[in-house]
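Analysis of the macromolecular model
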Amino acid sequence: MTIRLGDTAPDFTAETTEGTIELHKWLGEGWGILFSHPKDYTPVCTTELGRVANLKGEFEKRNVKVIAVSVDPLESHKGWINDINETQSCSMNYPIIADPDRNVVTMYGMIHPNALDNLTVRSVFIIGPDKKVKLQLTYPASTGRNFDEILRVIDSLQLTANYQVATPADWKQGDDCVVVPAIKTEDIPAKFPKGFKEVKPYLRMTPQPDI
Ligand code: BEZ
């Protein structure tokens, strides 16, 4: 199944290391991240899961729940968590879906058979409070994901959701933002009291509105 940005994230009920979860109900009114791991007891995945556990506070600050999926069974996940905690100096604090029947990973198109036979690649789906897919990323199994970048994208998505701004190349917290093209230049002062700079009629910059 192909999922595109703006589609409703497919709902499912699955067994996880924190009990049975119905995705949409579990997400509630907040944001979510669903990310896949090719296999339990593999080195890159172990570092990724530990990194996300250590970033839990950053996700919570942004009202984001995280959930991982791997096609191995629950008992395997439970044993692996001990290794993750031991080697990554963390305490696993979010659920890992056990998907031995590959229901979830098939629904989300996480198996790319020409890249990796019968295992998932490293997919990331960011899901908004409206349950729509806001971002998807696909990395090869050999490259661990950059979770600072994922937090940066969440910050950008949340700014866009709450203010009428977009974020420019390499934007980071505190940098100026782009006023979205839908706003006429004459309407900017009322909407952006911090001011703006018209670099070109189509490129209007304003200080980050939420700081
Ligand atoms: C890993 O997590 O280290 C890994 C998993 C599958 C293929 C290659 C690397």
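Residues numbered from 1 in each chain as written. Predicted model: local features only at pLDDT ≥ 70, side-chain atom pairs only at ≥ 80, totals over all residues. Heavy atoms only, no water.

1. As for unusual backbone geometry
- Even without a glycine there, the phi angle at Tyr 41 is positive, about 55 degrees.
- In this structure, Tyr 41 sits in the loop between strand S3 (31–37) and helix H2 (43–54).
- Unusually for a residue other than glycine, Asn 63 sits at a positive phi of about 60 degrees.
- Here Asn 63 is to be found in the loop between helix H3 (56–61) and strand S4 (64–70). (Helix = DSSP H or I, 4+ residues; strand = E, 2+ residues; numbered from the N terminus.)

2. Regarding the domain arrangement of the chain
- Examined at the domain level, the chain breaks down into domain 1 (13–158) and domain 2 (164–206).
- Computed from C-alpha atoms alone, the centre-to-centre distance between domain 1 and domain 2 is 34 Å. (Domains from an automatic or database assignment.)

3. Here we look at helix H6 (residues 147–162)
- In this model H6 runs 22 Å from its N-terminal to its C-terminal C-alpha over 16 residues, within 8% of the 22 Å that 1.5 Å per residue would give.
- Capping the start of H6, Asn 146 holds a side-chain oxygen 3.0 Å from the backbone nitrogen of Asp 148, two or three residues further along. (Expected span 1.5 Å × (residues − 1). Polar contact = N/O pair within 3.5 Å; in protein donor to acceptor, adjacent residues only side chain to side chain.)

4. Here's the deal with the sheet that holds strand S9 (residues 177–179)
- If you trace the 4 strands from one edge of the open sheet to the other, you get S8-S9-S11-S10, paired in antiparallel fashion. Only two strands of the sheet have a single neighbouring strand rather than two, namely strand S8 (165–166) and strand S10 (197–200).
- Taken together, the 2 bridges between S8 and S9 define a ladder with antiparallel strand orientation. Each residue of the ladder has a partner; that of Ala 166, found in S9, is Val 178. (Pairing = 2+ DSSP bridges.)

5. Here's the deal with the site of the ligand
- With respect to spatial proximity, the complete set of residues near the ligand consists of Pro 38, Thr 42, Pro 43, Val 44, Cys 45, Arg 122 and Ala 141.
- Between the ligand and Thr 42 there is a distance of 3.0 Å, counted from an oxygen atom to a side-chain nitrogen or oxygen.
- Pro 43 is positioned such that a nitrogen or oxygen atom in its backbone is 3.3 Å from an oxygen atom of the ligand.
- Considered on its own, the ligand offers 260 Å² of accessible surface; in the complex 77% of this is hidden by protein.
- Tallying contributions element by element places H2 first for the shell around the ligand, with 3 residues.
- Partitioned by chemical class, the residues of the shell around the ligand number 5 nonpolar, 1 polar and 1 charged. (Near = heavy atom within 4 Å. Areas by Shrake-Rupley, 256 points an atom, 1.4 Å probe, with all protein chains shown as cover. Nonpolar A, V, L, I, M, F, W, Y, C, P; charged D, E, K, R; others polar.)

6. What to know about the environment of Ser 156
- Tracing the backbone through its elements, the reader meets Ser 156 in helix H6.
- A sequence separation of 16 residues divides Ser 156 from Lys 172, and the C-alpha atoms of the two residues are 8.5 Å apart.
- Ignoring any residue separated from it by four or fewer positions in sequence, one finds Ser 156 in contact with Thr 167 and Trp 171. (Contact = heavy atoms within 4.5 Å.)

7. Observations concerning the nonpolar core
- Membership of the largest hydrophobic core comes to 28 residues, with the highest contact counts inside it found for Ile 33, Phe 35, Leu 49, Phe 59, Met 92, Tyr 94 and Ile 126.
- Among the elements of the structure, S3, H2, S4, helix H4 (74–88), strand S6 (122–127) and H6 are those that each provide at least two residues to this core.
- Ranked by residue count, the leading element in this core is H6, at 6 residues.
- Beyond its immediate chain neighbours, meaning those up to four positions away, Met 92 contacts Leu 49, Ala 53, Ile 81, Ile 84 and Asn 85.
- Counting 20 residues, the second-largest nonpolar core is a separate cluster that includes Ala 9, Ala 14, Val 69 and Val 104. (Core = buried A, V, L, I, M, F, W, Y, C linked by side-chain atoms within 4.5 Å. Buried < 20%, exposed > 50% of the residue type's maximum accessible area, 1.4 Å probe, protein only.)

8. Quick notes on the side chain of Thr 46
- By the secondary structure assignment, Thr 46 is in helix H2.
- Thr 46 gets classed as buried once you look at its relative accessible area, which sits at 11%.
- Of the polar contacts made by the side chain of Thr 46, one reaches the backbone oxygen of Thr 42; its length is 2.6 Å.
- Residue contacts for Thr 46: discarding those within four places in its chain leaves Trp 80, Ile 84, Thr 87 and Gln 88.

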